[in-house]
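The chain contents come next:
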Amino acid sequence: MAVLRSDPLPSPAPRGQEAPGTSGAERGYLSGLGNEHATEALPGALPVGQNSPQRPPYGLYAEQLSGTAFTMPRAGNRRSWLYRIRPAVLHGAFEPMAQGQLAAGLEEAPAPPSQLRWDPLPIPESPTDFVDGLVTFAGCGGPDRQAGAAVHLYAASRSMADRFFYDADGELLLVPWQGRLALATELGRIEARPGEIAVIPRGVRFRVELPDGSARGYVCESFGAFFRLPDLGPLGANGLASPRDFLAPRAAFEDREGDCELIAKFMGRLWRAPIDHSPLDVVAWHGNYAPYKYDLARFNTMNSVSFDHPDPSIFTVLTSPSEIRGLANVDFVIFPPRWQVAEHTFRPPWFHRNVMSEYMGLVRGAYDAKAEGFVPGGGSLHGCMSGHGPDAATFEQASQVPLVPRKLDDTLAFMFESRFVLRPTRAALASPQLQRDYAACWRGLRKHFTGRP
């Protein structure tokens, strides 16, 4: 058995500790979201001047991986050409496999209008890899409609050794909160630690390794348009997430034979097929359809410098748009460290009801609208038109605090927000992690009405 790959990628330095001038590309990645990248793990492996020569270099197979239809306008077309040791067609027949806690359908239970909140998933007692550790908490739409999204959590205690996974249903946005994820993909290796995200495009095969022995986090599976940067509008040309800070992998391959398993998620269900080699055997590739990672600490936060708390959309990192302009299939929004300086203002998020559905998670610290109960690794779901906002303790404190400039530090919350109703699954509603007294956090809100101005 021979194993070949490019030089292993060094772990990135913590934010703020990089050497002066160090870029993602210099650390072993390719820089830029949606760029046309070209990379080879062996010199001369990429054909010159064409995509499919009669005999590609090194005896490789040319294979195109298309993330959009061939006829999409050029600006929206996503595809990459892969030069691999064996074509992706080489594997055994797929057979159904146990679903575990991954929901096959997203309309299996009545969706209550109640506000819902959960504690973190525990680390599994028995060895559990990333795929087996997926638990579906909510979702909408489905792959057959090419619209909507699913929210999963993962809790894993074992690396995937001879198992490989791909999702034919949607694009996967991974948000680690505990433990690093080393993602060995067809197009190369990327590592995502808490405070970073990783995106695996639909159909890309990968294996999840756990450098820290265990890992927990969140997954947004988007069935609609692929994630892209939001329009900036009046903000102008700069701000929020910069395209150059998104990092794609350089080519790295495995030439490995042996008994392996290929797992596919197709039409909501898991399938397995035997495969006698590692499918991560792409020696070179070029194109704009590839996995990528992003350090959320690089997000250039916009905020109010006069009065009022801005709409949370100002914190959008990535969006999967729908056919209606301005109405997202799913948005990924973060609430990172930032200064609060607004005058004459109730500074935490205000009370509101929303046509959108919001799933929130917490990576570290505390969220400024909740004094307790919302903890790292946990989550909450506020459906269409369900009232929510700061808890009683936060309201009382924020209503009285002196309005001096204040730095919100050591915090990182996020939100998956969709135009479609996110339905909680039966497993989520029956979960021992469900906080059945969540609504009690608002019961202390007192009547302050005086009848006088």
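This text follows the structure it describes.
Residues numbered from 1 in each chain as written. Predicted model: local features only at pLDDT ≥ 70, side-chain atom pairs only at ≥ 80, totals over all residues. Heavy atoms only, no water.

Colleague: Got a minute to help me understand the overall build of the chain in this structure?
Modeller: Helix and strand content of the chain: 2 helices and 28 strands. Taken over C-alpha atoms, the radius of gyration comes to 23 Å for the chain, in line with the 22 Å a tight globule of 453 residues would show. Overall size of the chain, expressed as C-alpha extent along the three principal axes, is 85 × 45 × 40 Å. Here the chain holds 453 residues, and 53% of them are scored as buried. For the chain, the proportion of contacts with a sequence separation of at least 24, taken over those separated by at least 6, is 78%. Carbon and sulfur atoms make up 53% of the accessible area of the chain, which totals about 20,500 Å². Distance between charge centroids for the chain: 4 Å, based on 45 positive and 48 negative side chains. (Helix = DSSP H or I, 4+ residues; strand = E, 2+ residues; numbered from the N terminus. Rg over C-alpha atoms; globule rule 2.2 N^0.38 Å. Buried < 20%, exposed > 50% of the residue type's maximum accessible area, 1.4 Å probe, protein only. Contact = heavy atoms within 4.5 Å. Areas by Shrake-Rupley, 256 points an atom, 1.4 Å probe, with all protein chains shown as cover. Lys, Arg positive; Asp, Glu negative; His and termini not counted. Charge placed at Lys NZ, Arg CZ, Asp CG, Glu CD.)

Colleague: Can you walk me through the pairing of strand β25 (residues 379–382) in this structure?
Modeller: In summary, the side chains of a regular strand alternate between the two faces of the sheet. The side-chain alternation of β25 yields two buried faces, one formed by Gly379 and Leu381 and the other by Ser380 and His382. Pairing geometry for strand β6 (residues 116–118) and β25, over 3 bridges, is antiparallel. For Leu116, the partnering residue across the bridge sits in β25 and is Leu381. Bridging between strand β24 (residues 357–365) and β25 involves 4 bridges; their strand directions are antiparallel. Bridging from a neighbouring strand, Gly361 pairs with Gly379 of β25. (Pairing = 2+ DSSP bridges.)

Colleague: How should I be thinking about the environment of Ala369 in this particular structure?
Modeller: Within the fold, Ala369 resides in the loop between β24 and β25. Note: C-alpha distance between Ala369 and Thr394 (25 residues apart in sequence) is 6.2 Å. Those residues in contact with Ala369, other than ones at most four positions away along the chain, are Pro349, Gly389, Pro390, Asp391 and Thr394.

Colleague: Even after reading the chapter, I still don't get the pattern of salt bridges, so can you show me in this structure?
Modeller: A side chain with one charge may pair with a side chain of the opposite charge, provided their charged atoms come close. Within this structure, the stated rule accounts for 26 salt bridges. Between Asp162 and Arg256 there is a salt bridge, and its shortest N-O distance comes to 2.9 Å. Here Asp162 is found in the loop between β8 (147–156) and β9 (163–167), whereas its partner Arg256 is found in the loop between β16 (246–249) and β17 (257–266), with 94 residues between them in sequence. Assessed through its relative accessible area of 36%, Asp162 is described here as partly exposed. As a salt-bridge pair, Arg256 and Glu254 come within 3.5 Å of each other at their nearest N and O atoms. For the residue pair Arg256 and Glu254, the accessibility class agrees, reading buried in each case. Here the salt bridges do not stand alone but share partners, grouping Asp162, Arg189, Arg207, Glu209, Glu254 and Arg256 into one network. (Salt bridge = Lys/Arg side-chain N within 4 Å of Asp/Glu carboxyl O.)

Colleague: Please explain the sheet that holds strand β4 (residues 79–84) as it appears in this structure.
Modeller: Two strands in a sheet stick together by hydrogen bonds in their backbones, pointing the same way (parallel) or opposite ways (antiparallel). On the basis of which strands lie adjacent, the open sheet formed by 4 strands has the order β2-β19-β4-β3 and antiparallel pairing. The two strands at the open ends of the sheet, each matched to only one other strand, are β2 (37–40) and β3 (61–66). When the angles between neighbouring strand axes are averaged without regard to direction, this sheet yields 20°. (Axes fitted to C-alpha atoms, helices over the stretch in contact; angles between N-to-C directions.)

Colleague: Is there a simple way to think about the sheet that holds β16 in this case?
Modeller: Taken together, 9 strands build an open sheet; the order of strands is β1-β16-β20-β13-β10-β15-β8-β7-β28 and the sheet is antiparallel. Edge positions in the sheet fall to β1 (29–31) and β28 (423–424), since each of these pairs with one other strand and no more. Bridge count between strand β10 (residues 171–178) and strand β13 (residues 196–200): 3 bridges; the pairing is antiparallel. Opposite Leu174, over in β13, you have Ala198 as the bridge partner.

Colleague: Teacher, can you tell me more about helix α1 (residues 392–400) here?
Modeller: An α-helical segment advances 3.6 residues per turn. Residues three or four places apart therefore align on the same side. Restricting attention to buried positions, one finds in α1 the residues Ala392, Thr394 and Ala398. Axial view of α1: buried residues confined to an arc of 160°, hence all on one face. (Arc of directions from axis to C-beta.)

Colleague: Honestly, a nonpolar patch on the surface in this entry has me stumped. Any pointers?
Modeller: Judged by side-chain polarity, Val305, Trp339 and Val341 come together as a nonpolar surface patch covering roughly 320 Å² of accessible area. Its location among the elements puts Val305 in the loop between β20 (292–295) and β21 (316–321). Overall, the relative accessible area of 73% leaves Val305 in the exposed class. (Patch = residues over 30% accessible without salt bridge, like charges linked within 9 Å, V, L, I, M, F, W, Y side chains within 5 Å.)

Colleague: In this structure, what is going on with the nonpolar core? I would like to understand it.
Modeller: In globular proteins that are soluble, nonpolar side chains generally tend to be buried together. One finds Leu173, Val175, Val317, Leu318, Phe332, Tyr359 and Phe416 to be the most contacted residues of the largest nonpolar core, which totals 41 residues. For Phe332, the contacting residues outside a window of four places in its chain are Leu173, Val175, Ile197, Leu296, Phe315, Thr316, Val317, Leu318, Phe414, Met415 and Phe416. Within the second largest apolar cluster, 37 residues are counted, among which are Tyr29, Met97, Val282 and Tyr289. (Core = buried A, V, L, I, M, F, W, Y, C linked by side-chain atoms within 4.5 Å.)

Colleague: Explanation requested: the packing of aromatic side chains in the structure shown.
Modeller: Taken as a whole and assessed by the stated rule, the structure comprises 18 aromatic pairs. Measuring from ring centre to ring centre gives 6.4 Å for Tyr218 and Tyr359, while their planes differ by 65°; the resulting arrangement is edge-to-face. Residue Tyr218 is found in strand β15 (residues 215–222), and its partner Tyr359 is found in strand β24; the two are separated by 141 residues along the sequence. Across this residue pair, the class does not change: Tyr218 and Tyr359 are buried. Considering the side-chain rings of Tyr359 and Phe416, the 6.2 Å spacing of their centres and the 20° angle between planes classify their relative orientation as stacked. Remark: Phe416 occurs in strand β27 (residues 411–418) and Tyr359 occurs in strand β24; sequence separation between them is 57 residues. For the pair Tyr359 and Phe416, a shared accessibility class is recorded, and that class is buried. (Phe/Tyr/Trp six-rings, centres within 6.5 Å; stacked < 30°, edge-to-face > 60°.)

Colleague: Would you mind going over the side chain of Lys293 with me for this structure?
Modeller: With respect to the secondary-structure elements, Lys293 resides in strand β20. A polar contact of 2.8 Å, which involves the side chain of Lys293, links it to the backbone oxygen of Glu191. (Polar contact = N/O pair within 3.5 Å; in protein donor to acceptor, adjacent residues only side chain to side chain.)

Colleague: Explain the side chain of Ser320 here, please?
Modeller: In this structure, Ser320 sits in strand β21. At 2.5 Å, the side chain of Ser320 and the backbone oxygen of Ala225 are in polar contact. Not counting the four nearest positions on each side in its chain, Ser320 is found in contact with Ser222, Gly224, Ala225, Phe226, Phe227, Ala328, Asn329, Val330 and Asp331.

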